[in-house]
Structure formats: structure tokens, C-alpha cells
Amino acid sequence: MNFTESEERQELRRQVSRLASKYGRDYFTAQARSGGKTTDLWLEVGRFGYLGVNIPEEYGGGGGGIGDVAAVCEELAAQGCPLLMMVVSPAICGTVIARFGTEAQKQRWLPGLADGTATMAFAITEPDAGTNSHAITTTARRDGDEWVLNGRKIYISGVDESQNVLVVARAEDARTGKLKPCLFVLPTDSPGLEYHPIAMEIVSPEKQFSVFIDDVRLPADALVGDEDAGLVQLFAGLNPERIMAASFSTGLARYALEKAAAYAKERTVFQGPIGGHQAIAHPLAQSKIEIELARLMTQKAAALCDAGDDLGAGEAANMAKYAAAEAACDAVDRAVQTHGGNGITQEYGMAGLLVAARAGRIAPVSREMILNFVAMHSLGLPKSY
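Rules behind the numbers
- Residues numbered from 1 in each chain as written.
- Predicted model: local features only at pLDDT ≥ 70, side-chain atom pairs only at ≥ 80, totals over all residues.
- Heavy atoms only, no water.
- Helix = DSSP H or I, 4+ residues; strand = E, 2+ residues; numbered from the N terminus.
- Rg over C-alpha atoms; globule rule 2.2 N^0.38 Å.
- Contact = heavy atoms within 4.5 Å.
- Areas by Shrake-Rupley, 256 points an atom, 1.4 Å probe, with all protein chains shown as cover.
- Lys, Arg positive; Asp, Glu negative; His and termini not counted.
- Charge placed at Lys NZ, Arg CZ, Asp CG, Glu CD.
- Expected span 1.5 Å × (residues − 1).
- Buried < 20%, exposed > 50% of the residue type's maximum accessible area, 1.4 Å probe, protein only.
- Arc of directions from axis to C-beta.
- Salt bridge = Lys/Arg side-chain N within 4 Å of Asp/Glu carboxyl O.
- Axes fitted to C-alpha atoms, helices over the stretch in contact; angles between N-to-C directions.
- Parallel < 35°, antiparallel > 145°, perpendicular 65-115°, else oblique.
- Nonpolar A, V, L, I, M, F, W, Y, C, P; charged D, E, K, R; others polar.
- Pairing = 2+ DSSP bridges.
- Polar contact = N/O pair within 3.5 Å; in protein donor to acceptor, adjacent residues only side chain to side chain.

(A) Quick look at the overall build of the chain. For the chain, the helix and strand inventory stands at 11 helices and 9 strands. The C-alpha radius of gyration of the chain comes to 21 Å, within 12% of the 21 Å expected for a compact globule of 385 residues. Oriented by its inertia axes, the alpha-carbon framework of the chain measures out at about 80 × 50 × 40 Å. Within the chain, counting contacts between residues at least 6 apart in sequence, those at least 24 apart form 71% of the total. Accessible surface, the chain as shown: approximately 17600 Å² in total, 53% of it carbon and sulfur. The averaged location of the 47 negative side-chain charges in the chain is 5 Å from the averaged location of its 36 positive side-chain charges.

(B) Main features of helix α1 (residues 7-21). The first and last C-alpha atoms of α1 sit 21 Å apart over 15 residues, in line with the 21 Å expected at 1.5 Å per residue. Residues Arg9, Leu12, Arg13, Val16, Ser17, Leu19 and Ala20 constitute the buried set of α1. Viewed along the axis of α1, the buried residues span an arc of 165 degrees, placing them on a single side of the element.

(C) Looking closely at the environment of Ala264. Along the chain, the position of Ala264 falls in helix α7 (residues 230-266). For Ala264, a relative accessible area of 3% gives the class buried. Remark: the alpha-carbon pair of Ala264 and Gly275, spanning 11 residues in sequence, is separated by 4.4 Å. Beyond its immediate stretch of four places on either side in the chain, Ala264 contacts Pro273, Ile274, Gly275, Ile280, Leu284 and Thr338.

(D) Representation of the pattern of salt bridges within the structure. For the structure shown, the criterion picks out 24 salt bridges. Lys37 is the partner of Asp160 in a salt bridge, and the nearest nitrogen-oxygen pair spans 2.8 Å. Here Lys37 lies in the loop between α2 (24-34) and α3 (39-47) and Asp160 lies in the loop between β3 (146-157) and β4 (164-172), a separation of 123 residues in the sequence. Since its relative accessible area comes to 34%, Asp160 is described here as partly exposed. Between Arg334 and Glu290 there is a salt bridge, and its shortest N-O distance comes to 3.2 Å. With Arg334 in helix α9 (residues 310-339) and Glu290 in helix α8 (residues 278-306), the pair connects residues that are 44 residues apart, well separated along the chain. Residue classification places Arg334 among the buried residues on the basis of a relative accessible area of 16%.

(E) View of the packing of helix α4 (residues 66-78) against α8. Orientation of α4 relative to α8, taken along the N-to-C sense of each, is 150 degrees, at an axis distance of 8 Å. On the basis of their axis angle, the class for α4 and α8 is roughly antiparallel. Of the residues in α8, those in contact with Ile66, Gly67, Glu74 and Glu75 of α4 are Arg295, Ala302, Cys305 and Asp306. Per-class residue counts for the contact of α4 with α8 are 3 nonpolar, 1 polar and 4 charged.

(F) Expanded view of α4. With 13 residues, α4 ought to run about 18 Å at 1.5 Å a step, and its terminal C-alpha atoms sit 18 Å apart, in line with that. The element α4 is extensively covered by neighbouring structure, given that 13 of its 13 residues are classed as buried. Phi turns positive, to about 85 degrees, at Gly80, one or two residues after α4.

(G) Summary view of the environment of Ala32. By the secondary structure assignment, Ala32 is in helix α2. Once the C-alpha coordinates of Ala32 and Ala363 are considered, the two residues, 331 residues apart in sequence, prove to be 20 Å apart.

(H) Examining the pairing of strand β2 (residues 139-143) more closely. In terms of strand pairing, β2 meets β3 through 5 bridges, oriented antiparallel. Note on β3: the bridge partner recorded for Arg142 is Trp147. Taking the residues that link successive antiparallel strands as the turn, the β2-β3 hairpin has 2 residues, and the phi of Gly144 there is positive, at about 70 degrees. Bridging between β2 and β4 involves 2 bridges; their strand directions are parallel. Residue pairing across strands places Thr139 opposite Arg170, the latter belonging to β4.

(I) Examining the side chain of His339 more closely. Tracing the sequence through the fold places His339 in helix α9. A polar side-chain atom of His339 sits 2.8 Å from the main-chain carbonyl oxygen of Ala335. In contact with His339, not counting residues within four places along its chain, are Lys259, Ala260, Tyr263, Tyr348 and Met350.

(J) Main features of the environment of Ser6. Inspection of the secondary structure assignment puts Ser6 in the segment before α1. Looking at Ser6, the relative accessible area reads 41%, which means it is partly exposed. At 3.1 Å, the side chain of Ser6 forms a polar contact with the backbone nitrogen of Arg9.

Structure (C-alpha cells):
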């Protein structure tokens, strides 16, 4: 067993970190507060091959695994540039299409996802379903050679930056009459599709949207994979989602901890640096331990996912996402406290991380649902939901 990453993965981290450091947190927050986007950073990450490092080489990607693209996501966040669409476009959408799309669909969509020139959003959450994905009401019905979609989605990231959105809908099973989940690629300029931004407190250039789908007509080849295997295909995208979310959180946590440690070394009160006091040092040391534990579980989840062990990866990915979100919340809170009054100023940039870190306890799956999963699947306790 090897508990260190390959030299190739470590070099990938170094190169991404070097690239992201040219932009940094000041760039990210300036774009967010001015209403700008991080398109130049996104395209540069894509141009160097880091964005689509998990996408098969024959479609313009790097041929790596989810662990590689998770490393890219983490290093960007660790430099103060957490790109939420990395979780969505190359990881969720890229994984689903690479595994289940037709050859024509792969040729059509994957190269753009790999180099960043074509971003794809992912739409599953609905206002009345929330965490219960089995209760979604967006429907797809056949009409000749076309599909007609109707429904509403909420908290959909980056629709304004995407040419397409991978939509989870439900279609009627001709044999049973029951509704089954299916995945469709829907162009964001489709007639009948509307999306409106949701006002959020989070400091990010990437926006959240309510999406309205009203009699949107799609060709037959908009359906991804087999319409009778939609649930399997859907969950194939959720393990990468949780792994990427974990890396997003650990990257944020690393950034906050690095800033706090640097400040604690320099800030002098009572004749010495505040980092020499255990009340400051111990919480930061605690965060270092928590972050490294979360990173290790994330690497385990990625290794299981890349090995094709979907069941094992599901358990590890949920645990990794939980641990990383908790570590991020603690690290950011401790970083703010370390900075004292400076921790809630825009100049030092700590307080702006609070909501971003806190979101990890809610999305893409809540900490309560992860605890439900672990209680039921890992401990064998009765189902509680």
C-alpha cells in the first residue's frame, strides 16, 4: 500500500499551484465583487491540459482519473481561486458522458469540456425535492423523434457560463408506466429555457440560478446513455461530485490555514509573535491534522473510484466530503479568530471564506444525509429517511 501520491500527481499539483498563484485570491475576489468572471483563469487551466486531465485522451483530455482532476481543483482553491465549475463540468458531466455517452456524443461534447471552451452545468436539485432526488418532478416525454422536457431546477451553478446543461429528468417506462430518471444535454439557448440568478452571500464569480424548463424540445440524441439505466448513470456522476467537493473544501482549508499561520508568525502582542501562544497555535495545529486526514480519505475515495469500485468509492467519497467540509469550516473559523479584528476586514480576506466553507456542509449533499448513508450502509442501522 502506498500512502503518497505518484510523482506525476505531485508534479501536476506543483504546476497547477504555480499557475494559480499568478492570479491569487485578490484576483478572484476582485472579479466576484465587480460582477466579473474568472474566464481567463479557466481557459488557461484548460489550455495547459489541467482542466480535462480526467477526460480520455482520444477526446482531448489527459487520460487520468478523478484523483487527478480533484488534485487540480484542490490546488486552485489552495491558491485562493476555488473554481466551483470544476466540480460540475469536467468531473460530473465529463465522467457521465465519457462512461455512458455514444461515440458521437463524446466527440461532440468532451473536447470542449477538456480544454474549457465549452462548459456544461448540471441540474438535479429542485425546489420541492431538495435532497430527495427520487422526488424530482422534471419530466421528459417522447413526441415522435423528439423529447419534450418540463420542470424547474434550483441552485444550478454557472448556467450563465455554460453552453449546455446536463439535466436530470424523469421519463415514463413504457413497460411499467412508472417514472425513471434519465439524463439529457440541454443547450442553454433552447427556446423554453429560462434562468434567473439567485442572490447569494457567498463571494464568488460563479453564480447560482433558478432554471425554468417549459416545453423544451430536444432531439433523440440529447439523451445520454440508456434510458433504462438512468439511475446507474446518475450515481456514476455523484461519486466524482463528492470527491471534487471534498478537494474544493480541503483547498479552501489549506488556503485559510496558510494565511493564519503566516499572520501568527508575524503579529506581535505581549512581546512575542501570537503563534507562540498555545491558544493560537493549538487550534491551527488541530486544523492541520484535520485537513490531512480529510485529504487522505479523499485520495482513498478517488483511488476506489478510478479502480471502478463504485460501492466502495461511494462510502469513502461521502466520508471524505463530510470530513473535508468540517475541516474547512473549522480552519476558516480559526483563521478569522487568529486575525482578530483584521479577520473580518476585506483587506485580509478571511471573513469572505466563511460562507464558502460553510456551503460545504450543505452542498452538494448535506452532512445529515451523509450521516444517514454511513449509519445505514456502513453500520447496518435501520433506514431513517
